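Examination of the molecular architecture
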2 protein chains.
Amino acid sequence: MSAAPAAPAAPAAPAYEALAARWRRVAALGDAMAMLSWDRQTTMPPGGAAARADTLAELAVLRHEAVTAPEIADLASRAGEEPLDPRPAANLREIRRLRLHAAAVPPGLVAARSRAASACEAAWREARPADDFAAVAEPFARLLALVRETAAAKADALGKAPYDALLDAYEPGGASARIDAVFARLEPALAALLPEILERQARRPADPPPPPVPVERQRALGRRVAAALGFDFAHGRLDESAHPFTGGVPDDVRLTTRYDEADWTSALMGTVHETGHALYERGLPADWRGQPAGDARGMTIHESQSLLVEMQVGRSRPFLEFLAPAVREAFGVSGPEWEPEALRRRATRVARGLVRVDADEATYPFHVTMRYRLERALLSGGLAPADLPGAWDEAMAAALGVRPPGDRLGCLQDIHWYDGAFGYFPTYTLGALAAAQLFAAARRAVADMDSRIAAGDFAPLLGWLRENVHAWGSFLDTDALLARATGAPLSEADFLAHIRRRYIEEEEA
Amino acid sequence: MSAAPAAPAAPAAPAYEALAARWRRVAALGDAMAMLSWDRQTTMPPGGAAARADTLAELAVLRHEAVTAPEIADLASRAGEEPLDPRPAANLREIRRLRLHAAAVPPGLVAARSRAASACEAAWREARPADDFAAVAEPFARLLALVRETAAAKADALGKAPYDALLDAYEPGGASARIDAVFARLEPALAALLPEILERQARRPADPPPPPVPVERQRALGRRVAAALGFDFAHGRLDESAHPFTGGVPDDVRLTTRYDEADWTSALMGTVHETGHALYERGLPADWRGQPAGDARGMTIHESQSLLVEMQVGRSRPFLEFLAPAVREAFGVSGPEWEPEALRRRATRVARGLVRVDADEATYPFHVTMRYRLERALLSGGLAPADLPGAWDEAMAAALGVRPPGDRLGCLQDIHWYDGAFGYFPTYTLGALAAAQLFAAARRAVADMDSRIAAGDFAPLLGWLRENVHAWGSFLDTDALLARATGAPLSEADFLAHIRRRYIEEEEA
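A short tour of the structure in this document, coming up. (Residues numbered from 1 in each chain as written. Chains lettered and ligands numbered in written order. Predicted model: local features only at pLDDT ≥ 70, side-chain atom pairs only at ≥ 80, totals over all residues. Heavy atoms only, no water.)

**A closer look at the overall build of chain A**
Our working definition: In this description a helix means any DSSP run of H or I spanning at least four residues, a strand means any run of E spanning at least two, and both kinds are numbered starting from the N terminus. In this description the radius of gyration comes from C-alpha coordinates, and the expected globular size is given by 2.2 Å times residues to the power 0.38. Relative accessible area decides the class of each residue, using a 1.4 Å probe on protein chains only: under 20% of the type maximum gives buried, over 50% gives exposed, and in between gives partly exposed. Two residues form a contact once any of their heavy atoms are found within 4.5 Å. Note on areas: Shrake-Rupley with a 1.4 Å probe; residue coverage comes only from the protein chains shown. Positive charges are assigned to Lys and Arg, negative charges to Asp and Glu, while His and the chain termini are left out of the count. Taken as the charge centre is NZ of Lys, CZ of Arg, CG of Asp or CD of Glu, depending on the residue.
Assigned secondary structure in chain A consists of 20 helices and three strands. Taken over the C-alpha trace, chain A has a radius of gyration of 23 Å; the compact-globule value for 509 residues is 23 Å, and the two agree within 12%. Residue burial in chain A is summarised as follows: out of 509 residues, 55% are buried. The long-range share in chain A, meaning contacts at least 24 apart out of those at least 6 apart in sequence, stands at 71%. Of the roughly 19,500 Å² that chain A leaves accessible, carbon and sulfur atoms contribute 55%. If you average the places of the 57 positive and of the 69 negative side-chain charges in chain A, the two averages end up 1 Å apart.

Put into C-alpha cells, the structure is as follows:
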C-alpha cells in the first residue's frame, strides 16, 4: 500500500519535487472519476444516474481547482528555473500544458459549456432515432457558440489557432497544417486504390452469415484471446457495456465489449481493439504513475495501439491462423466456415458505407476526413450549424459516393459534436496511420513475427510495443515518439502500403 | 441529471445557503470514496490494490481539507447568527460537529494514526491465523497510543470525556454514562434469563444439518427476499464480498453477502441483515442528499434497522411462514425440514459461544459489554495492551462461562481495535435494543403486522419505518428520534421482553 513515488528529478529541484507531489491530488481525482465513469457504464443501476452525475460534476470542479491552484502556477514557475533531467522536464512541460488548458477558460464558461453539452446530448439522444436534425438544431447551435468561445479563449492562452487549441486537448502538439498535409496525400492515394479493392471484393465467394453463438461461449473466447494478447487479469477486468471502451487506471484497466449472439465477430473484435488500448495503459511507465509525463501520449498514439492490435494484427492471416482453432474449441464447432481463410474474408470485407463505426479500414479514413473538414468549417463559422445536414450529405456523396437516407445515418450518427467534442475526429485516422507505421517497424525488428503470431505467441510484439511505445508515456511528442520507434515521423506511407498489400496484392492469394 | 437542491432554509439565510452549497464537495468526495471502497471489496482485481489505496488516501486528505477549510468555519459561524428553521438548524449543528471532529486532530496525528492502523491491521492479519497476540502486540501498542492521543485531542475540542469523544464519531451525542446505565440493567436481566433459555433449547429435537444448496439458487432466493422486503434493484445492487456489508450512496445502495453451499441460511441472513441497512439508506430524506442532516443518524439507528429486519422480523414465525414456500420453490425441495417450524428452530438457536459474529441475539450483548469495558480500560490506561489476552479470557469466562483455547478465538477475533476503531462496539447492542423498541412500536401501529408479514407483504412495516425512522435522517438525536417513534428514549425493556417471549414463552408453543 505504499504511495506512488514522487516523479524522480535531479536532487536539487525542490520546487519540481513539491509540484510533482502536489499533482498527486489531481491524479487521484482523475483516477476516481475514471473508475466512477466505468462503474456508471457497466455496473450502476439506472436509479443511480442523477446522484452519479452530481458526484462527477463536483469532482470535475475540484479537479479544475486543483489544476489551477496558485500553488501549481507558482511551483511550476519556480521549477522552470531548476536544473531538470529530460524526464522531469517533460513532466513539467505536461503540467504546464494541462494548467494552461484549465486556466484558459473562465469557470463560468466551463460551467455554461458543460450544461449546454448535457442539454444538446440529451436532445441528440431523441433526435437521432427520430431521424430529425431540426430537433437538436437549437441546442446544438447554443453549444457550438460556447465551443467557439472556448476555442478562442484557449487559442489566446496557448498561442495556437482556435481549432488547434481544441485539438491540443486530444492530441498534444497536434496542428491542423500537419494534418492537412497528411490527409492531402492520403485521400487521393486511397481513392485511387478503392475501385480496384472493391472489384476484387466482388470476385469473392459468397459467405453465409455466421451462425448464432451463445454469449457465454463468446465471453470465454474473448477472455482467452485478451489473455493471449497479453492482458493481465490480475490488473484488470473484461466486462460489458453498451459501447465498448477502455477505462480504469494503468494498474487496474477496465475494458468492455458488447455481445451479439447473431454476430460473434463483433464482440471479439471489440475485445481485441480494446485490448490494444488496455495493453498501452498497463504498459505506461510504472515509476511515473500519477504524473502527466507517465500518462498516454494522446489519442493518436492511443488509437494506434488499439488499431495495431485490431487491424494490423487481428485481421491478418497469421492471427486468424491462431484464432481459428481457438474459436472452434471455444464454440465447439468445425467445418470450412471456421477455417482461417473464411475468417479472413469476414474480417477484411470492404464496402462503401454510410456509418463510420461500421466502416472497414480502407474506407474509414474518408469518414474522418469529411468530418475533419466539416468541424473546422463549423468552428470557423464558415458553415452555419443549421446547414450541417446538407453539407454532410454532399460530403458523403463526394467522399464515398453514398447519400444518407436521413440524418440518423447522416450527421446525427456520432455523439462527438453533440457532446461538444471538436478536434477529436482526426485522431482516429492519424492513429490508423501510426498503427501501420509502428507494426511495420515491429515486423522489421522481429524477424519471425508472423510465425510467432500464428502460434499464438504475442510476447515479441508486446515486448516491442512496451519498449518502443508504452514505456515512453508522454516523455516525447507524438512525432518524436514515432521517429524514435520507426525511424520517421508520422506518415501515411505504411498505411497505404498495408492497404495495397492486404486488399489488392494478397487478395488474389 | 439535475443537481441536488441545496438544503432548503429560511429565505434570509445567505451564509447558511452558501455553507450548504459548499458542503456538496465534502459529500461528493465521501460518495466517491464510498463507491471506490465498494468496488475494492467486490470488483477490483488484486493488482489494483496499491493504486486504489493511494487514490483513497488522497481523497481522504482532500475531504479533510474541504471540511476544515476556513470558508466552512466562517460560513458556519455566520450561519449561526441567521434565523433558521429546525431542519437547516439541525444541518448546521451536524456540519459543526463534523468540522469539530476533523479540525480537532492535527494533520500530522491523522497521518501517523492512519499509518499505524495500516501497520497494525496488517500484523493482525498474520497474528490471527497464527493464534498469536504477541505478533501484533507492538504495533497494537503504538496504534493505541495514537488513538489515546486522538481521543485526548477530540475530548478538548468537543468538551467530552476521551471515550465519549471517540464514541461521538459513530454515535453522535452518545455518552458512556448513558450506556453504563442501560448495560447495568440489561446484563443482569439477560443473565437471569439465559439458564432457562438454554434449558428449553436442550429440549428441542435434534435437527439434521442443512443440505448443500448451489450458490445460483441461493442467489435467486436472496434477490427475491430482498425485493420482497422492499429493496429496489433500480436503485441498488446485491453482490458478493468476503464480509457482507452495505455501501454505496442512498440512490445507489450496494449491498453484499457471501455464499456457503454448506449453509444456505448464512448468505440469506446476511442478505436480510444488509437489506435492513440498505432500506434505511434508501429511505433517507431525498431533499437533503449531500447534507449531513440527511445522512443516517448514527450506528445505533443504522444497526437497529438491520437487526429489526434480521432479528425482529427475519427470525419470527410470520416471516418464516412467508419464507418457507419461497425457499422450497427457489431450491426445488420439500419435506418437513423445509417447513416454517424447522426453519424457526434453526433461526433461533441459542448457545454460549466464543465468537461474536456467530452469536445469537440472546448472548450477543455479553460479547459487546465485555468489549465495551475492555476498550474503555485500554483507552484510559487502566489495562495495558500487553495484558489484553488474559483480561479477555477472564471477561469471557465471567460473561458466558466459556474460555478461548487461544487468541484467534479470543482477543484477536475482531478487526476493530487493530484498525483503530474504539467506541464502535456498544452500538451493536444499542442497535439491538432500538430494533426491539422500534418493532414493538411498529406492531402497535400496524394491527395486522404479523399476518401481513406472513403473506410476504412488507409494505406496512416499510411504510412505518420510512415515516418514523428513515425520513428523519439526522434531524433529531438518537433518543429524540426513538422517543418520537416509540414514545420513549432508548431502553432495554422491549429487547428483554422480546427475548423472553421468543425464547421462553413461545418456545413451548
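That covers the picture; the talk isn't over yet.
**Re the relation of the copies chain B and chain A**
Stated precisely, the cut-off is as follows: Least-squares fitting of one copy onto the other uses the C-alpha atoms of those residues that reach a pLDDT of at least 70 in both copies.
Screw-axis analysis of chain B against chain A gives a translation of 0.0 Å along the axis, an RMSD of 0.0 Å, and a rotation angle of 179 degrees. Taken together, the rotation and translation describe the operation of a two-fold axis. Rotation axis and chain B: the residue whose C-alpha lies nearest the axis is A32 of chain B, separated from it by 3.5 Å. Interface residue correspondence from chain B to chain A reaches 100%, placing this contact among same-surface, isologous pairings.

**Observations concerning the interface of chain B and chain A**
Interface size is commonly expressed as the accessible area that is lost once the parts come together. The following threshold applies: The term buried area denotes the loss of accessible surface (1.4 Å probe radius) that occurs when two parts are joined, taken as the sum for both partners. Put simply, a salt bridge is a Lys or Arg side-chain nitrogen that is within 4 Å of an Asp or Glu carboxyl oxygen. Throughout this description, a polar contact denotes any pair of N or O atoms lying within 3.5 Å of each other; where both atoms belong to protein, one of them has to be capable of donating a hydrogen while the other can accept it, and for residues adjacent in sequence the pair is counted only when both atoms sit in side chains. We call Asp, Glu, Lys and Arg charged. Ala, Val, Leu, Ile, Met, Phe, Trp, Tyr, Cys and Pro are nonpolar, and the rest, Gly among them, are polar.
Taken together, the 39 residues of chain B in the interface contact 39 residues of chain A. Both faces combined, the contact of chain B with chain A buries some 3,000 Å², and carbon together with sulfur accounts for 62% of it. Our enumeration of links across chain B and chain A arrives at six salt bridges. Put simply, E65 of chain B and R25 of chain A hold a salt bridge, and the shortest N to O gap is 2.7 Å. Applying the counting criterion to the chain B and chain A interface returns 10 residue pairs in polar contact (both at pLDDT 80 or more). Contributions of two or more residues to the side of chain B that touches chain A are made by α1 (14–42), α2 (49–68), β1 (236–240) and β3 (252–257) of chain B. By residue number, the principal contributor to the side of chain B that touches chain A is α2 of chain B, which donates 11 residues. Looking at the side of chain B that touches chain A, its residues break down into 20 nonpolar, seven polar and 12 charged.

**Topic: the packing of aromatic side chains**
Our working rule: For Phe, Tyr and Trp, where Trp contributes only its six-membered ring, two rings pair if their centres lie within 6.5 Å, and the inter-plane angle classes them as stacked under 30 degrees, edge-to-face over 60, or tilted in between. Criterion for a charge above a ring: Arg CZ or Lys NZ at most 6 Å from the ring centre, at most 35 degrees from the ring normal.
Throughout the structure, instances matching the rule amount to 40 aromatic pairs over all chains. Geometrically, the ring pair formed by F331 of chain A and W338 of chain A is edge-to-face, given 6.0 Å between the ring centres and 85 degrees between the ring planes. Considered together, F331 of chain A and W338 of chain A belong to a single accessibility category, that of buried residues. Members of the aromatic cluster, each reached through a chain of ring pairs, are Y170, Y364, W392, W417, F422, Y424, F425 and Y428 of chain A. A cation over an aromatic ring shows up here: R376 of chain A above the ring of Y163 of chain A, its NZ or CZ 5.6 Å from the ring centre. The ring of F425 of chain B has R371 of chain B lying over it, and the distance from NZ or CZ to the ring centre is 5.5 Å.

**Some words on the sheet that holds strand β3 (residues 252–257) of chain A**
Pairing between the strands of a sheet is mediated by backbone hydrogen bonds and can be parallel or antiparallel. Residue and element names in this part refer to chain A. Definition in use: By definition, two strands form a pair when at least two bridges between them are found by DSSP. The convention used is that axes are lines fitted to C-alpha atoms, helices contributing only their stretch in contact, and that angles between N-to-C directions extend from 0 to 180 degrees.
Pairing in this open sheet of three strands is mixed, and the strands run β1-β3-β2 from one edge to the other. Taken across any chain shown, the strands that pair with only one partner, and hence form the sheet edges, are β1 (236–240) and β2 (246–249). Across the sheet, the mean angle from the axis of one strand to that of its neighbour is 20 degrees, orientation sign disregarded. Sheet topology note: the β2/β3 ladder contains four bridges and is antiparallel.

**Let's talk about the packing of helix α8 (residues 176–202) of chain B against helix α14 (residues 364–380) of chain B**
All names here are of chain B. For clarity, the cut-off: For classification purposes, an angle smaller than 35 degrees is called roughly parallel, one larger than 145 roughly antiparallel, one from 65 to 115 roughly perpendicular, and anything else oblique. Here is the rule for handedness: rotate from the far helix to the near one, and if that takes an anticlockwise turn smaller than a right angle the crossing is left-handed, while a clockwise turn gives right-handed.
Running from amino to carboxyl end, α8 crosses α14 at an angle of 140 degrees, the nearest separation of the two axes being 10 Å. With respect to each other, α8 and α14 are oriented oblique. In terms of crossing hand, the pair formed by α8 and α14 is left-handed. Touching S176, I179, D180, F183, L186, E187, L190, A191 and L194 of α8 are P365, F366, V368, T369, Y372, R373 and R376, all from α14. Here the residues of the contact of α8 with α14 are counted per class, giving 10 nonpolar, two polar and four charged.

**Considering helix α16 (residues 426–445) of chain A**
Rule in force here: Given a helix with a known number of residues, its expected span is that number minus one, times 1.5 Å.
Under the 1.5 Å per step criterion, the end-to-end length of α16 of chain A is 29 Å for 20 residues, consistent within 8% with the ideal 28 Å. Extensive coverage of α16 of chain A is indicated by the burial of 16 of its 20 residues.

**Examining the sheet that holds β3 of chain B**
All names here are of chain B. Sheet architecture is open: three strands sit in the order β1-β3-β2, paired in mixed fashion. Edge positions in the open sheet fall to β1 and β2 (246–249), since each of these has one partner strand only. For this sheet, the mean inter-axis angle between neighbouring strands, taken without regard to orientation, is 20 degrees. Sheet strands touched by helix α10 (residues 264–283): β1, β2 and β3. Its angle to β3, the strand with the most contacts, is close to 165 degrees.

**Concerning α10 of chain B**
Over its 20 residues, α10 of chain B runs 28 Å from end to end, which matches the ideal 28 Å to within 8%, given 1.5 Å per residue. Most of α10 of chain B is tucked away: 18 of the 20 residues are buried.

**Here we look at unusual backbone geometry**
With a phi angle near 60 degrees, D131 of chain A is a residue other than glycine that sits in the positive phi range. With respect to the helices, strands and loops of the structure, D131 of chain A is situated in the loop between α5 (107–130) and α6 (134–158).

**Focus: the pattern of salt bridges**
Residue and element names in this part refer to chain A. Scanning the entire structure with this criterion turns up 83 salt bridges over all chains. Across the salt bridge formed by R345 and E341, the nearest N and O atoms sit 4.0 Å from each other. Highlighted residues: R345 and E341, both in helix α13 (residues 340–347), separated by four residues, approximately one helical turn. Exposure remark for R345: the relative accessible area of 16% places this residue in the buried category. Between R502 and E361 there is a salt bridge, and its shortest N-O distance comes to 2.7 Å. Separated by 141 residues along the polypeptide, R502 in helix α20 (residues 493–505) and E361 in the loop between α13 and α14 (364–380) bring together distant segments of the chain. Classification of R502 as buried rests on a relative accessible area of 8%. Of the residues examined, E361 reaches a relative accessible area of 6% and is grouped as buried. One connected set of salt bridges, linked through shared partners, spans R204, D207, R317, E341, R344, R345, E506 and E507.

Limitation: the analysis is restricted to geometry and does not speak to function.
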